[in-house]
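Understanding the architecture of this molecule
Listed below, chain by chain, are the residues.
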Amino acid sequence: MVAWDRVTRRHVLRAIQEYDRLGPEQFFSEHGFAPTTTYELVWNKRRYPPKAILGAAYECATGQQLGSGDFEGGKTGAVRVLVTLGFTVQKKLRSTR
């Protein structure tokens, strides 16, 4: 069981900063996640993969790296945790191409 109570808003913001610094490819490679398919974390008019950001925030909080299969990413998983921490998570915008 993942101890989400150890993850704070500050940890999530640090993960967002790391994502911005590294870029998506390197961030996913270092943390073992992939791009989002259903939901996006919205912060400062930018969109982020919620499961990957939360996984990196957990690592920041605990020192333990989670894999994508270690927790759920949807409404009952990462989305719920992020919303509880005061973040906005929305359905992923579909490309018009």
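Look up a bit, the structure's there.
What comes next is a walk through the structure. Please read all numbers here as calculations on a predicted model, not as lab measurements.

1. Looking at unusual backbone geometry
For Asn44, which is not glycine, the phi torsion reads 50° and is therefore positive. On the secondary structure map, Asn44 appears in the loop between β1 (39-43) and β2 (46-48). By relative accessible area, which is 62% here, Asn44 ends up exposed. The phi torsion at Lys45 lies on the positive side, around 65°, for a residue other than glycine. Exposure remark for Lys45: the relative accessible area of 85% places this residue in the exposed category.

2. Examining the pattern of salt bridges
Applying the stated criterion to the full structure yields two salt bridges. Arg46 is the partner of Asp20 in a salt bridge, and the nearest nitrogen-oxygen pair spans 2.8 Å. Of this pair, Asp20 sits in helix α1 (residues 9-22) while Arg46 sits in strand β2, and the two are 26 residues apart along the sequence. We classify Arg46 as partly exposed; its relative accessible area is 42%. A salt bridge links Glu40 to Arg47; its shortest N-O distance comes to 3.0 Å. The class of Glu40 is buried, set by a relative accessible area of 10%.

3. Things to note about α1
Helix length check: α1, at 14 residues, gives a terminal C-alpha distance of 20 Å against a target of 20 Å (1.5 Å per residue), a fit within 8%. Buried within α1 are the following residues: His11, Val12, Ala15, Ile16, Glu18, Tyr19 and Leu22. Take α1 and look down its axis: the buried residues cluster within an arc of 160°, on one side only. Away from the buried face of α1 by more than 90 degrees, exposed residues Arg10, Gln17 and Arg21 are located. Against α2 (24-31), β1, β2, α3 (50-62) and α4 (78-84) lie the buried residues of α1. Gly23 occupies a position one or two residues after α1 and carries a positive phi of about 85°.

4. With respect to the packing of α2 against α3
Running from N to C, α2 and α3 point in directions that differ by 55°, and their axes come no closer than 11 Å. On the basis of the axis angle, α2 is oblique to α3. Handedness of the α2/α3 crossing: left-handed. Facing α2, whose interface residues are Phe27, Phe28 and His31, α3 presents Ala52, Ile53, Ala56 and Glu59. Among the residues forming the contact of α2 with α3, the class breakdown is five nonpolar, one polar and one charged.

5. Things to note about the pairing of β1
Direction of pairing for β1 relative to strand β3 (residues 88-91): antiparallel, over a ladder of four bridges. Paired with Val42 across the two strands is Thr88, which belongs to β3. The hairpin turn running from β1 into β2, its antiparallel successor, is two residues long, and Asn44 in that turn takes a positive phi close to 50°.

Thresholds, definitions, all that
- Residues numbered from 1 in each chain as written.
- Predicted model: local features only at pLDDT ≥ 70, side-chain atom pairs only at ≥ 80, totals over all residues.
- Heavy atoms only, no water.
- Helix = DSSP H or I, 4+ residues; strand = E, 2+ residues; numbered from the N terminus.
- Buried < 20%, exposed > 50% of the residue type's maximum accessible area, 1.4 Å probe, protein only.
- Salt bridge = Lys/Arg side-chain N within 4 Å of Asp/Glu carboxyl O.
- Expected span 1.5 Å × (residues − 1).
- Arc of directions from axis to C-beta.
- Contact = heavy atoms within 4.5 Å.
- Axes fitted to C-alpha atoms, helices over the stretch in contact; angles between N-to-C directions.
- Parallel < 35°, antiparallel > 145°, perpendicular 65-115°, else oblique.
- Left-handed = near helix turned anticlockwise from the far one by under 90°.
- Nonpolar A, V, L, I, M, F, W, Y, C, P; charged D, E, K, R; others polar.
- Pairing = 2+ DSSP bridges.

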